[in-house]
Each structure stands twice: as structure tokens, then as C-alpha cells.
Amino acid sequence: MQLLPVNLAYFLEVARTGSVTEAAHALNVAPSAISRQVAKLESGIGVPLFARHPRGMTLTEAGSRLLAHARRTETESTTLVEELRTGRGAEARSVAVACSEGFARRLVPRAIAGFRLAHPDVAFRVDVVARQEATRRVVEGLADVAVTYTMGPQHDVRVECAVVVPVAAIVPLGHELAGRDRIGLADLCAYPLALASPGTSQRELFDIGAQLEGITVRPALVCDSLAPQYEFVRAGGGLALVGDLGDLGGDGRDTGTEGVAYVPVDHPVFRQREAQVQTATGRRPSWSATQFTELLVASLRRDRTP
């Protein structure tokens, strides 16, 4: 059942397909009806929503912003219809979480397990995605909450919590750096390194720090997934970096990934990155999403408390 206004529903389909003809086919209506509703929408708002091309249509900046709003509205409508049909309240719905990989290792699943002890009727979906994608999913209503790394101010989401997460070197047990209280970039770069790709926040900051220190680095391994980096370190290939989310053992061991130790990396450049819990602005969250967000905030703050 469609609760969206007709013009928004038609706009969404044109944005999805990039074509009035394709949208008309998908919705089983005349192309002229699609064109008329989109034109009325643009006239009412006062700005063009699409750039017209010989082979299709692309969103303008205003169109992209309206698309995010329309998707949020569509998601809320779908949820409401399902709750009305089943007679179940918002407290029984599922919660969708988008997070980057570092948070998916412990913080998020532990929070979910703790939440379900008190609320076993709430189901979860966790999507492990890139940091910008996690934010996008919240903005567009595809996720209820995001836990991700950011650099710089965030304008399109509500930041429920923001903490600076230090960076630690992953080293093999018994390595000569394993007993150190902290190390600098020069200490770290004296060994072969497994690093994330240049598009990630951690790698961006690492490269800036290395440049400031006058250090040239050629990574031995470039990989955005943590599992291969851990195995690389355990096998003696070199060192790697990870955000210290407070779940590393106080004795330098990590029971979930045995065979490695963690040493804090001391450089001010890493303080530019924050871990954030994000929710959507202008959207009514369900009771379960609200309660779980509060638990995530408490967990993140607790993990960063000395």
C-alpha cells in the first residue's frame, strides 16, 4: 500500500530508473502522467529536480536532497503500514544498524546481545559498510542508526555521541614493540605495514602524519578488511593499525584474535577522527531504535572512559 503522495512516488521512480519511460513502465501508468507530476513538483518547489539529457535524466543537487527525504518518508510509511496490519507496536519492530567494520567486530554485536536480553522480540539487521555509506543509509532512511568514523562536522544527521578513538598498532606477541607503552610513527614505519586503502579515514590521517614526519611508506599490504590484516600480523608479515575501541585486553592481548598485542600509536593527527553514533534528523524513530541508540551511546562512551 502506497502512502506517499503521487508526485513523490513518481519522482522516486524516475530517480531510480533515470527515465520517465522506464518509470512509467514500472508503475504501469502513462509517461505523460509521470512527466506532469514531476513538472508540478518542480513548479511547486521552484527549482529543477532533474537535468534532462537525450538518454535519460539525472538528479540535480536539489533533487538529491529531495530523494533522501522521499526515501525516509517511504521507509516510515512502510513501517507504519506493517505495524498497523500486524497490530504490533513500534517496540516490536526490527532495528537496522549500519556500521563500519571496526565497530562490527565487538561494539555493535555486544550491544545487540545486551539489548535482546531485555527485549528478545526485537530483531536486528547489521550492514557493514564504508564510513560514508553508513551515514548515507541513515540519511536516506535505510538504517535506523549508524556507528562510524568521521572527520569534520556532520550536517545531514543528528550526532548522538562523538568520541576520539586512539589508534593502536597490531603487533605479534613477543615482538620487540609489544611491551612498549606507546610508539611514534617512525617506530611503526620501521617495519612492513598492512594499511587500509587511501580512501579510508585512518589511512588519510596516517599519510598526513607520515608526510609531516618526512617518512616515506610503501605498504607491504593494502586491504580494507581487518581479518586479512590480523592474519598478516599473526603470520609475522609485519604490523597493522586498528582503532582502539576500548575492547582490547588490559594486558595487551585480545581474546578474540589471539596471537597479537596492541601498542598505542602517539601522534596528534589521529585526534582529528571521531567515532560517532548517528541518527536521522526530522524522522520519528521507533521505541526500539531509540532505546538501542541510547545503549550504543553508553557503550561507546564507556569504552573510551579511561
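Residues numbered from 1 in each chain as written. Predicted model: local features only at pLDDT ≥ 70, side-chain atom pairs only at ≥ 80, totals over all residues. Heavy atoms only, no water.

Caption draft 1: Focus on the overall build of the chain. Scanning the chain for helices and strands turns up eleven helices and twelve strands. Within the span of the chain, comprising 306 residues, buried residues form 46% of the whole. Taking the intrachain contacts of the chain between residues at least 6 apart in sequence as the baseline, contacts between residues at least 24 apart amount to 74%. (Helix = DSSP H or I, 4+ residues; strand = E, 2+ residues; numbered from the N terminus. Buried < 20%, exposed > 50% of the residue type's maximum accessible area, 1.4 Å probe, protein only. Contact = heavy atoms within 4.5 Å.)

Caption draft 2: Representation of the pattern of salt bridges in the model. A full pass over the atoms with the stated rule returns twelve salt bridges. Across the pair glutamate 231 and arginine 234 runs a salt bridge, and its minimum N-O distance is 2.7 Å. Taken together, the residues span about one helical turn, with glutamate 231 and arginine 234 both in helix H10 (residues 226–234) at a distance of three residues. When its relative accessible area of 33% is taken as the criterion, arginine 234 is described as partly exposed. (Salt bridge = Lys/Arg side-chain N within 4 Å of Asp/Glu carboxyl O.)

Caption draft 3: The packing of aromatic side chains, seen in detail. Under the defined criterion, the tally for this structure stands at six aromatic pairs. Geometrically, the ring pair formed by phenylalanine 115 and phenylalanine 124 is edge-to-face, given 5.8 Å between the ring centres and 85 degrees between the ring planes. Between tyrosine 230 and tyrosine 262, the ring centres sit 6.5 Å apart and the planes meet at 65 degrees, which makes this aromatic pair edge-to-face. Residue tyrosine 230 is located in helix H10, and its partner tyrosine 262 is located in strand E11 (residues 260–265); the two are separated by 32 residues in the primary sequence. Owing to a relative accessible area of 3%, tyrosine 230 belongs among the buried residues under this scheme. On the accessibility criterion, tyrosine 262 (9% relative accessible area) is buried. Joined through ring pairs, the aromatic side chains of Phe115, Phe124 and Phe292 make up one cluster. Here the basic side chain of arginine 273 rests over the ring of tyrosine 149, its NZ or CZ set 3.6 Å away from the ring centre. (Phe/Tyr/Trp six-rings, centres within 6.5 Å; stacked < 30°, edge-to-face > 60°. Lys NZ or Arg CZ within 6 Å of the ring centre and 35° of its normal.)

Caption draft 4: The sheet that holds E11, seen in detail. The strand order across the open sheet formed by five strands is E9-E8-E10-E7-E11, and the pairing between neighbours is mixed. Either end of the sheet is taken by a strand with one partner, and the two such strands are strand E9 (221–222) and E11. Two strands pair when backbone bridges link them, and strand E7 (residues 167–172) and E11 are joined in this way by six bridges, in the antiparallel orientation. Following the sheet pairing, isoleucine 170 is matched in E11 by tyrosine 262. (Pairing = 2+ DSSP bridges.)

Caption draft 5: Broad picture of the sheet that holds strand E12 (residues 274–280). The strand order E4-E3-E5-E12-E6 describes an open sheet built from five strands, whose pairing is mixed. Two strands lie at the open edges of the sheet, namely strand E4 (124–128) and strand E6 (157–164), each paired on one side alone. With direction set aside, neighbouring strand axes in the sheet form an average angle of 20 degrees. Sheet topology note: the strand E5 (residues 145–150)/E12 ladder contains five bridges and is antiparallel. When the sheet's bridge partners are listed, threonine 150 is paired in E12 with glutamate 274. Contacting strand E3 (95–99), E4 and E5, helix H6 (residues 107–118) runs over the sheet at an angle of about 175 degrees to E4. The sheet contacts of helix H7 (residues 131–139) involve E3, E4, E5, E6 and E12, and relative to E5 the element is tilted by about 145 degrees. (Axes fitted to C-alpha atoms, helices over the stretch in contact; angles between N-to-C directions.)

Caption draft 6: Up close: the side chain of glutamate 140. Topologically, glutamate 140 is positioned in the loop between H7 and E5. We classify glutamate 140 as buried; its relative accessible area is 10%. A polar contact is formed between the side chain of glutamate 140 and the side chain of arginine 136, at a distance of 2.5 Å. Not counting the four nearest positions on each side in its chain, glutamate 140 is found in contact with Ala68, Arg71, Arg72 and Thr75. (Polar contact = N/O pair within 3.5 Å; in protein donor to acceptor, adjacent residues only side chain to side chain.)

Caption draft 7: View of the packing of helix H1 (residues 6–17) against helix H3 (residues 31–45). One way to put it is that H1 packs onto H3 with a least axis distance of 9 Å and a crossing angle of 110 degrees. Classified by the interaxial angle, the pair formed by H1 and H3 is roughly perpendicular. Along its contact with H1, which presents Val6, Asn7, Leu8, Tyr10, Phe11 and Val14, the element H3 presents Ala33, Ile34, Gln37, Val38 and Leu41. In terms of residue class, the contact of H1 with H3 is built from nine nonpolar, two polar and no charged. (Parallel < 35°, antiparallel > 145°, perpendicular 65-115°, else oblique. Nonpolar A, V, L, I, M, F, W, Y, C, P; charged D, E, K, R; others polar.)

Caption draft 8: View of the environment of aspartate 224. Residue placement: aspartate 224 occurs in the loop between E9 and H10. For the pair aspartate 224 and serine 197, spaced 27 residues apart in sequence, the C-alpha to C-alpha distance is 6.1 Å. The residues contacting aspartate 224, other than those within four sequence positions of it, are Glu101, Ala196, Ser197, Thr200 and Gln229. At 2.7 Å, the side chain of aspartate 224 forms a polar contact with the backbone nitrogen of serine 197.

Caption draft 9: Quick look at the nonpolar core. In this structure, Phe103, Val108, Val147, Val277, Phe292, Leu296 and Leu300 are the most contacted members of the largest nonpolar core, which totals 22 residues. The biggest single contributor to this core is H6, with five residues. Excluding residues that lie within four positions of it along the chain, valine 108 makes contacts with Val97, Cys99, Phe103, Val126, Val147, Phe292 and Leu296. (Core = buried A, V, L, I, M, F, W, Y, C linked by side-chain atoms within 4.5 Å.)

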